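# Observations on the model geometry
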Amino acid sequence: KAGVTQTPRYLIKTRGQQVTLSCSPISGHRSVSWYQQTPGQGLQFLFEYFSETQRNKGNFPGRFSGRQFSNSRSEMNVSTLELGDSALYLCASSLTGFNSNQPQHFGDGTRLSIL
Amino acid sequence: GNSVTQMEGPVTLSEEAFLTINCTYTATGYPSLFWYVQYPGEGLQLLLKATKADDKGSNKGFEATYRKETTSFHLEKGSVQVSDSAVYFCALGDLGSARQLTFGSGTQLTVLP
């Protein structure tokens, strides 16, 4: 069974640009969550999607947005990039997310570097 | 709000030593608790979980018990191997679900041969 796939693995952008990251969940999983990992702030929850609807949102500015498609694939977008957006962005999927016996499975992440 | 406090690292042990990584949490209600492991250049892998008080999660020789009275979920392993070298994260899932995790700061473990 294929795991969570994130593309691209690495990305270099400059300040002010925008970026789109992609996540394909495990087949059959309908809940997709996004996290930002930085050395200073650690792992922080960005948002979670289920059935094409944002169900939960973390404490990030509106420059961070996402969406989910009917096949459960998800994208996140960051506009007007800042140096502080340099991070590893992790995507995780679970069946529905309603049951704690359905843990999240993580992808290997997209490493975003802002110059 | 929810929070997870994890033992500061880095931790360096010799092979076959006993491992304990402390984790305590603050949460309303009855959260689910998880340990994840991250190897260099990779995402997080679920190591073990516990969903209610006194549950013991175990996997690959690692164990952790959900202690409601002390709000703790300490990770233990009786005999570590070099291949256990990684970063370990304690995490909390809100309201019994696992879709919005609150993570601890992570503990870097290095096991020397």
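The following paragraphs examine the structure supplied in this document. It should be emphasised that the depicted structure is a prediction, and the values quoted were computed from it without experimental measurement.

In terms of helices and strands, chain B carries zero helices and 12 strands. Sequence-ordered secondary structure for chain B, helices as α and strands as β, is β-β-β-β-β-β-β-β-β-β-β-β. In summary, chain B has a C-alpha radius of gyration of 13 Å against a globular reference of 13 Å for 113 residues, a match within 12%. Summarising the internal contacts of chain B: among those between residues at least 6 apart in sequence, 56% fall at separations of at least 24. Surface accessibility of chain B: about 5200 Å² in total, with carbon and sulfur atoms responsible for 49%. Positive and negative side-chain charges of chain B, numbering 8 and 11 respectively, have mean locations separated by a distance of 9 Å.

Quick look at the sheet that holds strand β7 (residues 64-68) of chain A now. Residue and element names in this part refer to chain A. Sheet architecture is open: four strands sit in the order β1-β3-β8-β7, paired in antiparallel fashion. Since the sheet does not close on itself, it has two edges, and those belong to β1 (5-7) and β7, each with one partner. Looking at each pair of strands side by side, their axes are set apart by 20° on average, direction ignored. With three bridges connecting them, β1 and strand β3 (residues 19-24) associate as antiparallel partners. The residue bridging T5 from the neighbouring strand is S24, located in β3.

Looking now at the state of the cysteines. Taken as a whole and assessed by the stated rule, the structure comprises two disulfides over all chains. With a sulfur-sulfur separation of 1.8 Å, C23 of chain A is cross-linked through a disulfide to C91 of chain A. The chirality of the disulfide connecting C23 of chain A with C91 of chain A is left-handed, given an S-S dihedral of about -60°. Here C91 of chain A lies in strand β9 (residues 87-94) and C23 of chain A lies in strand β3, a separation of 68 residues in the sequence. Each member of the pair, C23 of chain A as well as C91 of chain A, is classed as buried. Residue C23 of chain B pairs covalently with C90 of chain B via a disulfide, S to S 2.0 Å. On the S-S bond that ties C23 of chain B to C90 of chain B, the torsion sits near -70°, and the link is left-handed.

Let us now look at the sheet that holds strand β9 (residues 75-77) of chain B. All names here are of chain B. The strand order β3-β9-β8-β7 describes an open sheet built from four strands, whose pairing is antiparallel. Either end of the sheet is taken by a strand with one partner, and the two such strands are β3 (19-21) and β7 (56-59). Averaged over all neighbouring strand pairs, the angle between strand axes comes to 15°, with direction disregarded. The sheet contact formed by β3 and β9 spans three bridges and is antiparallel. Within β9, the residue paired with L19 across the bridge is K77.

Once that is clear, we can look at the pattern of salt bridges. All names here are of chain A. This structure, assessed with the given rule, holds eight salt bridges over all chains. E48 serves as the salt-bridge partner of R55, at 2.5 Å between the closest nitrogen and oxygen. Classification of R55 as partly exposed rests on a relative accessible area of 22%. What emerges from the salt-bridge pattern is a single network uniting R63, E82 and D85.

A word on the pairing of strand β4 (residues 23-26) of chain B. Residue and element names in this part refer to chain B. Burial along β4 is one-sided: the face carrying C23 and Y25 is buried and the face carrying T24 and T26 is not. Taken together, the four bridges between strand β1 (residues 3-6) and β4 define a ladder with antiparallel strand orientation. Its bridge partner being in β4, S3 is matched across the sheet by T26.

This part takes up the nonpolar core. Residues and elements named next belong to chain B. The biggest cluster of nonpolar side chains holds 25 residues, and the ones touching the most others in it are W35, L48, F73, L75 and Y88. Elements with a contribution of two residues or more to this core: β2 (11-14), β3, β4, β5 (32-38), β6 (44-50), β8 (62-65), β10 (86-93) and β12 (107-112). In terms of residue count, the dominant contributor to this core is β10 (four residues). In this structure, Y88 is in contact with Q6, I21, W35, Y36, V37, L47, F62, L75, G106, T107 and L109, ignoring residues within four places of it in sequence.

Each value, and the rule that gives it
- Residues numbered from 1 in each chain as written.
- Chains lettered and ligands numbered in written order.
- Predicted model: local features only at pLDDT ≥ 70, side-chain atom pairs only at ≥ 80, totals over all residues.
- Heavy atoms only, no water.
- Helix = DSSP H or I, 4+ residues; strand = E, 2+ residues; numbered from the N terminus.
- Rg over C-alpha atoms; globule rule 2.2 N^0.38 Å.
- Contact = heavy atoms within 4.5 Å.
- Areas by Shrake-Rupley, 256 points an atom, 1.4 Å probe, with all protein chains shown as cover.
- Lys, Arg positive; Asp, Glu negative; His and termini not counted.
- Charge placed at Lys NZ, Arg CZ, Asp CG, Glu CD.
- Pairing = 2+ DSSP bridges.
- Axes fitted to C-alpha atoms, helices over the stretch in contact; angles between N-to-C directions.
- Disulfide = S-S within 2.5 Å.
- Buried < 20%, exposed > 50% of the residue type's maximum accessible area, 1.4 Å probe, protein only.
- Salt bridge = Lys/Arg side-chain N within 4 Å of Asp/Glu carboxyl O.
- Core = buried A, V, L, I, M, F, W, Y, C linked by side-chain atoms within 4.5 Å.

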